[in-house]
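Listed below are the residues making up each chain.
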Amino acid sequence: MDKELEHSFVALLEEHQNIVHKVCRLYTNHREAHNDLFQEITIQLWKAYPKFRGDAKFSTWMYRVGLNTAITLYRKSKRTVNTYELETFQFKIKAEEYDDTEEQQLKLLYQAVHQLNDIEKALVFLYLEEKDYREISETLGISEVNARVKMNRIKNKLKTILNP
Amino acid sequence: MDELELLKKHWKQQDTEYPHVSANDIYKMILKRSSSIVKWIFIISLLEFALWTGLSFFLKDTKNAQHFDKMDSDYLLIPLTVIGYVILAYFFYLFYKNFRRISVTDSAKILMENILRTRRTVKNYVIFNLVFMVVSAMVVLYIEFDQDTALIQKTQAAAANGEVFMFYAKTILIVAGVLAVFVGILLFFYWLIYGLLLRKLNRNYRELKKLEMES
């Protein structure tokens, strides 16, 4: 039985692993921290999996566990930050798809998002994943109105960071 | 174009950029131990319960306590001990109940609240112990003054010299000083451990609360 549970979990996570990668991308800024957080989220998902009923979508369920781990449970890894990798890993943007200005703009955008606090990042993450305000509010435990207000403020904050 | 819209466009395109974690790697990962703060809070809390329980056992065995046992103090010490254990059981039950309630699939806010509630239980237990310690010290002091023949003689000698007030004051100040140092060291450790462990959680919880207050 346990083996069966394990197999189904691993298969589902392998399929949906990009959700975890994306959480890690917003909350960490170097490869080792990314891998560390990825592992912690995987462990938390696995621990919670026996209670996963399947009445929610696996991916929806993953958003919660992933964000909760990043915001609340995860203790930053003590390894030293290697800023080199930030360049190569975070901004691996295919040259042919973007012109220079857009690439530059994206780079600045990611840097700006990294300056936001943990809660703001969570809102941005769910927004980028095209979640509606109902789901955002349920995931974070705030009202829909507050989620909307906060999202507008974050947009303004990003504007200020980008155009000081 | 809106800044976030540009980001969103890129966000969707980048799915292929992440290193693929194989099923095999996932199997390995789920065997590893979590390093979440909940685990650390659980371990530290158990140590706190153990420390306080252990401390009372340890104090019972000291020479002072044995000397104290000879005196007629059961009428006070037995109820105090029983109350101590009943309250330990009560706090431990609360702690366990709150701890079980922590679930990573709750909303971010509820999860944070449940963790903080668990912490609060242990904190209250520690505060209770500190108060209990101070009260016990006062009771012990009272019994000593009342029944310890050596101390009574000293008090009488002091009274003969007209320094009885000074004598009482000195004894009480020394006991209070030792207690204060002890409490100070404990508080320092608490500040150190929980300051580090819960700083992020507290900050994020405040941020969520602030959202609620503003609108």
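What this report covers is the structure whose coordinates are included nearby.

Further remarks concern the interface of chain A and chain B. With 47 residues of chain A at the contact, the number on the chain B side is 38 residues. Within the residue set of the side of chain A that touches chain B, elements represented by two or more residues are α1 (2-27), α2 (31-48), α3 (58-73), α5 (100-114), α6 (118-128), α7 (133-140) and α8 (144-162) of chain A. When residues of the side of chain A that touches chain B are assigned to their parent elements, the largest contribution, 9 residues, is made by α3 of chain A. Residue composition of the side of chain A that touches chain B, by class: 23 nonpolar, 14 polar and 10 charged.

With that settled, the discussion passes to the packing of α3 of chain A against helix α6 (residues 108-147) of chain B. It is at 10 Å that the axes of α3 of chain A and α6 of chain B come closest, and there the two elements cross at 45°. If you check the angle between α3 of chain A and α6 of chain B, you find them oblique. Crossing of α3 of chain A against α6 of chain B: the hand is right-handed. Here L67, N68, I71 and T72 of chain A of α3 of chain A come into contact with α6 of chain B, specifically with A108, L111, M112 and I115 of chain B. Here the residues of the contact of α3 of chain A with α6 of chain B are counted per class, giving 6 nonpolar, 2 polar and no charged.

As a further point, take the environment of Y90 of chain B. Position of Y90 of chain B relative to the elements: it lies in helix α5 (residues 74-101). With 29 residues separating them along the chain, Y90 of chain B and R119 of chain B place their C-alpha atoms 15 Å apart.

One recurring pattern in soluble globular proteins is that nonpolar side chains are buried together. Judged by nonpolar contacts, the single largest core of 52 residues is most densely connected at V23, L67, A122 and L123 of chain A together with A108 of chain B. Counting residues per element, this core draws most heavily on α1 of chain A, at 9 residues. When residues of this core are sorted by domain, at least three fall in each of domain 1 (1-81) and domain 2 (91-164) of chain A. What L67 of chain A contacts, discounting residues up to four positions off in sequence, is V23, A122, F125 and T139 of chain A together with A108 of chain B.

Cut-off values and rules
Residues numbered from 1 in each chain as written. Chains lettered and ligands numbered in written order. Predicted model: local features only at pLDDT ≥ 70, side-chain atom pairs only at ≥ 80, totals over all residues. Contact = placed C-beta atoms within 7 Å. Helix = DSSP H or I, 4+ residues; strand = E, 2+ residues; numbered from the N terminus. Nonpolar A, V, L, I, M, F, W, Y, C, P; charged D, E, K, R; others polar. Axes fitted to C-alpha atoms, helices over the stretch in contact; angles between N-to-C directions. Parallel < 35°, antiparallel > 145°, perpendicular 65-115°, else oblique. Left-handed = near helix turned anticlockwise from the far one by under 90°. Core = buried A, V, L, I, M, F, W, Y, C linked by C-beta atoms within 7 Å. Buried ≥ 20, exposed ≤ 12 C-beta atoms within 10 Å, placed from the backbone. Domains from an automatic or database assignment.

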